[in-house]
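Below, each chain spelled out in residue letters.
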Amino acid sequence: MAMADMREPIESGCPDGFQYMHPAMRKNFGMWSYHEDPQPGVLKHVSKTGDTIYTVKVGTQRILDLFTLRKLTSIADEFADGYVRFTIRSNIEYYVTDEAKVQPLIAAIEKEGFVVGGTRNSVAMISHTQGWLHCDIPGTDASGVVKSMMDELIDEFKQWNMPNRVHMTTSCCQINCGGQGDIAINIQHTKPPKISHDLVANVCERPTVVARCPVAAIRPAIVNGKPSLEVDEKKCICCGACFPPCPPMQINDPEHSKLAIWVGGNHSNARSKPSFQKLVAAGIPNNPPRWPEATGIVKRILKEYKDGAKDWERINDWIDRIGWPRFFEVTGLPFTKYHIDNWRGARNSLNASTHIRF
Ligand code: SF4
Ligand code: SF4
């Protein structure tokens, strides 16, 4: 086939972001010299060419209706330069090159009830998933947890009160998104899945389901004359990994699916090595619509971190310095034998380092 006859490949990834960028960002791409933080929620970037751009960061509730989106974008048209960007933490960022536009922009944003903040040593917006909108396995409404918590942490979002930045995450299941932050609020299943044997043969690819289990607790079985699966409940760690490929293995439960809080995760290696999170509170009620128990524990941890950490210590640095016994003492969280990870299978089956393996 002649080259001229070949069709263009279909690009199904995300579109090229450059076309949506503010012209000053396109022009100065790769040439930014430094940035400053003039006030909470505002960044000033200065380029080697002498150009300056101001970013105003605004918290949103992530699940946005059309009217709110129109409101947010019309603020961009009227008070900023007409360009916005949504961040991974559900903030919307406005850009202006003229410093004189910054304060009128903030006033317009706040007049409509939105909050400016989330930069430097504040509590950034909680990054989260919204499983019940797009995913098939959620055990809670992560977005609702986030909204309830951020309503109570709004002052920490708007001000620079923390020793260093605090990144929090939530998840709506136990296995996939949302475990990367100084504090993570995750679903925790506490009972093995319940199998609807009548449905397994029609819905599930049994070898795929068997392969999904990290502890080899699932076996093929014939139940009531039909191909099905069985779970060795002594081995099962209630992770829920079998539920996505096989919905008849229902693990979500209004009573036994709880929330758990993990702390001390750190992706960066700027000041200390990257670190995994550690479980500090488990069995917290999954209690919509405001999840007061989980919010109370997060606030308690943040208060002690704020009072006890030195400037620039992230939560993991603070705990490394004071030690885990002291952490449980100051936060008043009970330390039980269940906090000790004694599952030896992890040595063989989990990737326990940041090194790439082949
Ligand atoms: S946390 Fe789990 S349920 Fe929620 S979106 Fe991610 S994979 Fe889906
Ligand atoms: S919940 Fe996890 S450990 Fe239990 S059977 Fe399913 S995949 Fe295996």
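A quick note: this is a predicted structure, and the numbers were derived from the prediction, not measured.

Q: Kindly report on the site of ligand 1, identifying the contributing residues and their values.
A: Lining the immediate environment of ligand 1, one finds Thr-129, Gly-131, His-134, Cys-135, Ile-137, Pro-138, Ser-171, Cys-172, Cys-173, Asn-176 and Cys-177. Looking at the shell around ligand 1 residue by residue, the class counts come to 6 nonpolar, 5 polar and no charged.

Q: Now, about the sheet that holds strand S13 (residues 257-263): what can you tell me, with residues and values included?
A: Two modes of strand pairing occur in sheets, parallel and antiparallel, and in both the strands are linked by backbone hydrogen bonds. Here we have 4 strands laid out as an open sheet, ordered S7-S8-S13-S14, and mixed in their pairing. On the outer flanks of this sheet lie strand S7 (168-170) and strand S14 (278-284), each paired with one strand and no other. Here the strands of the sheet are splayed against their neighbours by 25° on average, with no regard to which way each runs. Relative to strand S8 (residues 183-189), S7 runs parallel, the two sharing 3 bridges. When the sheet's bridge partners are listed, Met-168 is paired in S8 with Ile-183. Against the sheet, helix H9 (residues 292-308) touches S7, S8, S13 and S14, its axis set at about 10° to S13.

Q: Before we move on, can you summarise H9 with the specific residues and values?
A: When the terminal C-alpha atoms of H9 are compared, their 24 Å separation across 17 residues agrees well with the 24 Å that a helix rising 1.5 Å per residue should span. Taken together, the buried positions of H9 are occupied by Ala-294, Thr-295, Ile-297, Val-298, Ile-301, Leu-302, Glu-304 and Tyr-305.

Q: Go over the site of ligand 2 with me, naming the residues and quoting the values.
A: Taken together, 14 residues surround ligand 2, and among them Cys-213, Cys-236, Cys-239, Gly-240 and Cys-242 come closest. Taken atom by atom, the bulk of ligand 2 overlaps the largest cavity. Tallied by class, residues from the shell around ligand 2 come to 13 nonpolar, 1 polar and no charged.

Q: Pulling in residues and values, what's your account of the state of the cysteines?
A: Counted according to the given criterion, the structure contains 1 disulfide. Paired through a disulfide, Cys-204 and Cys-246 show a sulfur-sulfur distance of 2.1 Å. Since a negative S-S torsion denotes a left-handed disulfide, the Cys-204-Cys-246 link at about 70° is right-handed. A residue pair is termed long-range when its members are at least 10 positions apart, and Cys-204 in the loop between helix H7 (197-203) and helix H8 (206-212) and Cys-246 in the loop between strand S11 (226-231) and strand S12 (249-250) qualify at 42 residues. The exposure classification of Cys-204 matches that of Cys-246, with both residues buried.

Q: Run through the packing of H9 against helix H10 (residues 315-322), naming residues and quoting values.
A: Between H9 and H10, the least distance of the axes is 11 Å, while the angle of their chain directions is 70°. Overall, the two elements H9 and H10 adopt an arrangement that is roughly perpendicular. Residues Glu-304, Tyr-305 and Gly-308 of H9 form the contact with H10, whose own contacting residues are Ile-315, Trp-318 and Arg-321. Grouping the constituent residues of the contact of H9 with H10 by class yields 3 nonpolar, 1 polar and 2 charged.

Q: Give a detailed account of a nonpolar patch on the surface, specifying residues and quantitative values.
A: On the surface, Leu-66, Phe-67, Leu-69 and Phe-86 cluster together to form a nonpolar patch covering roughly 410 Å² of accessible area. If you tally residues by element for the nonpolar patch, the top one is helix H2 (residues 66-79), at 3 residues. A residue is classified by how much of its surface remains accessible, and Leu-69, at 30% relative accessible area, is partly exposed.

Q: Hey, could you go over the packing of aromatic side chains for me, with residue numbers and the actual values?
A: Scanning all chains against the criterion turns up 7 aromatic pairs. Ring centres of Phe-327 and Phe-328 lie 5.5 Å apart, and the angle between their planes is 90°; on these two criteria the pair is classed as edge-to-face. Centre to centre, the rings of Phe-328 and Phe-335 are 5.0 Å apart; their planes meet at 70°, and the pair counts as edge-to-face. Overall, Phe-335 belongs to the partly exposed group, its relative accessible area being 49%. An aromatic cluster of at least three residues, connected via ring pairs, comprises Tyr-305, Trp-318, Trp-324, Phe-327, Phe-328 and Phe-335. Lying across the ring of Trp-160, Arg-120 places its NZ or CZ 3.8 Å from the centre.

Cut-off values and rules
- Residues numbered from 1 in each chain as written.
- Chains lettered and ligands numbered in written order.
- Predicted model: local features only at pLDDT ≥ 70, side-chain atom pairs only at ≥ 80, totals over all residues.
- Heavy atoms only, no water.
- Near = heavy atom within 4 Å.
- Nonpolar A, V, L, I, M, F, W, Y, C, P; charged D, E, K, R; others polar.
- Pairing = 2+ DSSP bridges.
- Helix = DSSP H or I, 4+ residues; strand = E, 2+ residues; numbered from the N terminus.
- Axes fitted to C-alpha atoms, helices over the stretch in contact; angles between N-to-C directions.
- Contact = heavy atoms within 4.5 Å.
- Expected span 1.5 Å × (residues − 1).
- Buried < 20%, exposed > 50% of the residue type's maximum accessible area, 1.4 Å probe, protein only.
- 1 Å grid on protein atoms, 1.4 Å probe; cavity = no way out; pocket = protein on both sides within 12 Å on 5 of 7 lines; lining within 4 Å.
- Sits in = over half its atoms within 2 Å of the grid points.
- Disulfide = S-S within 2.5 Å.
- Parallel < 35°, antiparallel > 145°, perpendicular 65-115°, else oblique.
- Patch = residues over 30% accessible without salt bridge, like charges linked within 9 Å, V, L, I, M, F, W, Y side chains within 5 Å.
- Areas by Shrake-Rupley, 256 points an atom, 1.4 Å probe, with all protein chains shown as cover.
- Salt bridge = Lys/Arg side-chain N within 4 Å of Asp/Glu carboxyl O.
- Phe/Tyr/Trp six-rings, centres within 6.5 Å; stacked < 30°, edge-to-face > 60°.
- Lys NZ or Arg CZ within 6 Å of the ring centre and 35° of its normal.

In short, shape yes, function no, at least from these values alone.
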